[in-house]
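Below are the chains, spelled out letter by letter.
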Amino acid sequence: MPVLVNRYGAKKHYSPSEVRTTVYHNNFNPTYLPLAYLLCLEQSDLKNVLFSEYPELDIEQYKKEISAYIVRKKYSEYFQRLSLSLNHN
């Protein structure tokens, strides 16, 4: 998130291309691109991007797996937005 803010300014949501560009230009692990999308995209963009880029991904299962990982590693304070997303969906 800090890299997105520095690059594009503070926003509630970012575009899929902004997120994707940030991941690849900063050599972040692209394995976690779905997580970046989940944390940063508007709901309608999220569904469209995941459907086209990750059609095999079960987003609800992915959210559960990520949430369990965060709890297990005690990272929850760093991922409050994800927790909110999980509770609202």
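Our subject is the structure listed above.
This section reports on the structure supplied with the text. (Residues numbered from 1 in each chain as written. Predicted model: local features only at pLDDT ≥ 70, side-chain atom pairs only at ≥ 80, totals over all residues. Heavy atoms only, no water.)

Observations regarding the overall build of the protein
Item 1. Tallying secondary structure elements over the protein gives 6 helices and 0 strands in all.
Item 2. For the protein, the α and β elements follow one another from N to C terminus as α-α-α-α-α-α. (Helix = DSSP H or I, 4+ residues; strand = E, 2+ residues; numbered from the N terminus.)

Here's the deal with the side chain of T22
Item 1. Tracing the sequence through the fold places T22 in helix α2 (residues 16-25).
Item 2. Looking at T22, the relative accessible area reads 4%, which means it is buried.
Item 3. When sequence neighbours within four positions are dropped, the list of residues in contact with T22 reads V3, L4, R7, Y8 and F28. (Buried < 20%, exposed > 50% of the residue type's maximum accessible area, 1.4 Å probe, protein only. Contact = heavy atoms within 4.5 Å.)

Here's the deal with helix α4 (residues 43-53)
Item 1. Regarding α4, the residues found buried are L46, V49 and L50. Down the axis of α4, the smallest arc covering the buried residues is 95°, so these residues share one side. Exposed side chains of α4 directed beyond 90 degrees from the buried face belong to K47, N48, F51 and S52. (Arc of directions from axis to C-beta.)

Examining the nonpolar core
Item 1. Core analysis: the largest hydrophobic core is formed by 19 residues, its most contacted members being V19, L33, L35, Y37, C40, L41 and L46.
Item 2. Looking at which element gives the most residues to this core, the answer is helix α3 (residues 33-40), with 7 residues.
Item 3. Here V19 is in contact with L4, Y14, L33, A36, Y37, C40 and L41, once residues within four sequence places are set aside. (Core = buried A, V, L, I, M, F, W, Y, C linked by side-chain atoms within 4.5 Å.)

What to know about the packing of α3 against α4
Item 1. Following both chains from N to C, one finds α3 and α4 inclined at 165°, their axes separated by 10 Å at the closest point. The orientation of α3 with respect to α4, classified from their angle, is roughly antiparallel. For the pair α3 and α4, the crossing hand works out as right-handed. Here L33, P34, Y37 and L38 of α3 come into contact with α4, specifically with L46, V49, L50 and E53.
Item 2. Across the contact of α3 with α4, the residue classes break down as 7 nonpolar, no polar and 1 charged. (Axes fitted to C-alpha atoms, helices over the stretch in contact; angles between N-to-C directions. Parallel < 35°, antiparallel > 145°, perpendicular 65-115°, else oblique. Left-handed = near helix turned anticlockwise from the far one by under 90°. Nonpolar A, V, L, I, M, F, W, Y, C, P; charged D, E, K, R; others polar.)

Here we look at the pattern of salt bridges
Item 1. Throughout the structure, instances matching the rule amount to 3 salt bridges.
Item 2. The residue E18 makes a salt bridge to K11 at a minimum N-O spacing of 2.8 Å.
Item 3. In this structure, R20 engages E53 in a salt bridge whose closest nitrogen and oxygen atoms are separated by 2.7 Å. One end of the pair, R20, is in helix α2; the other, E53, is in helix α4, and 33 residues separate them in sequence.
Item 4. Taking the relative accessible area as the measure of exposure, E53 reaches 29% and is therefore partly exposed. (Salt bridge = Lys/Arg side-chain N within 4 Å of Asp/Glu carboxyl O.)

Concerning the environment of L4
Item 1. Structurally, L4 is set in helix α1 (residues 2-8).
Item 2. Residues L4 and V19, 15 residues apart in the sequence, show an inter-C-alpha distance of 7.3 Å.
Item 3. Discounting residues that sit within four places of it in the chain, L4 has contacts with G9, Y14, E18, V19, T22 and C40.

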